[in-house]
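Results of the structural survey
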Amino acid sequence: MIKNIILVGSGSHVKKKIIPALKKKKIKIIKTFTSREKLSEISNSNFNIKNLIYYISTPPKTHYLIAKALLKKKKNLIIEKPALLKIKDFKIIKKLVISNKKNIFIENLMYQFSKIFQKFHNYWEKNKKKVKKIEINFLIPSFFKIGFRSMSKDKYIILYDIGIYPVSLLNFLQINIKKIITISKYNKNKKMCHLKIFMKSSNLNLVINIGEEKKYYNNIILTNIDGSKIYFDKIFSGVATSKKILYYDKKKVLYKKIKFNDLNCFEKLFCFKSSYLKSLKFDSLKLLEKNLILLNKIKLKI
């Protein structure tokens, strides 16, 4: 279990999600650096503490330089998604991670530690040959008023900040994308506020629906060849909350409902042993590379 941590970033996400999870698990916060701190002050910080982890939760455009500086000092890193934005940056980070076999390097896609994701993945592994369509919806009210998003000038912030969830899920499932079509909408500030992505693999139709919306949507809908559907609710939520799985027959009649309480994924991450976290780094690197490649392909189609 993690015992000591340094926070790099002090925004709303850290205050609302990370710090409460650390306090509940009684993990000591050694120091908190704000995003305004000089890079040299962060990278030159010297704490003689075994298995100390740096948790990077600054705006995504700053991740590369901070991660690069800390990895050169052989520090352990957990980075908020999206960990990186450019393939060229990834190549440099990859070399640094591989050069130190004993360090921790994880992009925190916390939903992968949830009960509902495990139930979804189990269903997929047993039934993927029966599935003809995957629809993923992740729509957030007041998206541009939350944290760093309110100050970001990146017009594609929705693609990288929300799109990383469905993109990482498709890559985790090892779905080979062959065709991409996008429909996008922009707000008065010329930022993309809604993106619909239509994709095809050899035997699947895929639809991703992300952006800002009045009502919150966070789900995956699987449509089987026989017309039946399975609805996985709040698939990307990392907080402790009630979730459900709904089963519909080909006539759209609900015939089965499973409801359960899911765990806080941030707390779960911080409970893992350091040895287990170290074992995740190469899989995390592979997934990070695949995510950047697919995100870039989608961006080129917008």
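In what follows, the accompanying structure is described. (Residues numbered from 1 in each chain as written. Predicted model: local features only at pLDDT ≥ 70, side-chain atom pairs only at ≥ 80, totals over all residues. Heavy atoms only, no water.)

Describing helix α10 (residues 281-301)
One full turn of an α-helix is made of 3.6 residues, so residues set three or four places apart face in the same direction. Its 21 residues place the ends of α10 31 Å apart at the C-alpha level, agreeing with the 30 Å of an ideal helix rising 1.5 Å per residue. For α10, the complete set of buried residues consists of Lys281, Ser284, Leu285, Leu287, Leu288, Asn291, Leu292, Leu294, Leu295 and Ile298. (Helix = DSSP H or I, 4+ residues; strand = E, 2+ residues; numbered from the N terminus. Expected span 1.5 Å × (residues − 1). Buried < 20%, exposed > 50% of the residue type's maximum accessible area, 1.4 Å probe, protein only.)

A short note on the packing of aromatic side chains
Enumeration according to the criterion identifies 16 aromatic pairs in this entry. Aromatic side chains Tyr247 and Tyr255 sit 6.1 Å apart centroid to centroid with 55° between the ring planes, which places their arrangement in the tilted category. A residue is classified by how much of its surface remains accessible, and Tyr255, at 53% relative accessible area, is exposed. Grouping aromatic residues by their ring pairs yields a cluster made of Tyr111, Phe117, Phe120, Tyr123, Phe138, Tyr165, Phe172, Tyr216, Phe232 and Phe236. The lysine or arginine in question, Lys119, covers the ring of Phe260, its NZ or CZ lying 5.1 Å from the ring centre. (Phe/Tyr/Trp six-rings, centres within 6.5 Å; stacked < 30°, edge-to-face > 60°. Lys NZ or Arg CZ within 6 Å of the ring centre and 35° of its normal.)

A look at the nonpolar core
Counting 74 residues, the largest nonpolar core has Ile134, Leu169, Phe232 and Phe270 as its most contacted members. Filtering out sequence-adjacent residues up to four positions away, Ile134 remains in contact with Trp124, Leu170, Ile175, Leu204, Asn205, Leu206, Val207, Ile220, Ile221 and Leu222. If you look at the next biggest cluster of nonpolar residues, it comprises 24 residues, including Phe33, Leu77, Ile93 and Leu288. (Core = buried A, V, L, I, M, F, W, Y, C linked by side-chain atoms within 4.5 Å. Contact = heavy atoms within 4.5 Å.)

Some thoughts on the sheet that holds strand β6 (residues 131-140)
The strand order across the open sheet formed by 8 strands is β7-β8-β9-β6-β10-β11-β12-β13, and the pairing between neighbours is mixed. Each of the sheet's edge strands pairs with one partner strand only, and the pair in question is β7 (179-186) and β13 (254-261). Direction aside, the axes of adjacent strands within the sheet are offset by 10° on average. Pairing of strand β8 (residues 192-200) with strand β9 (residues 205-212) involves 7 bridges; the strand directions are antiparallel. What sits directly across from Ile197, in β9, is Ile208. Here helix α5 (residues 115-127) sits on the sheet and contacts β6, β10 (217-224), β11 (229-233), β12 (242-248) and β13; the angle it forms with β11, its principal contact strand, is near 160°. (Pairing = 2+ DSSP bridges. Axes fitted to C-alpha atoms, helices over the stretch in contact; angles between N-to-C directions.)

Purely geometric numbers; function is a separate question.
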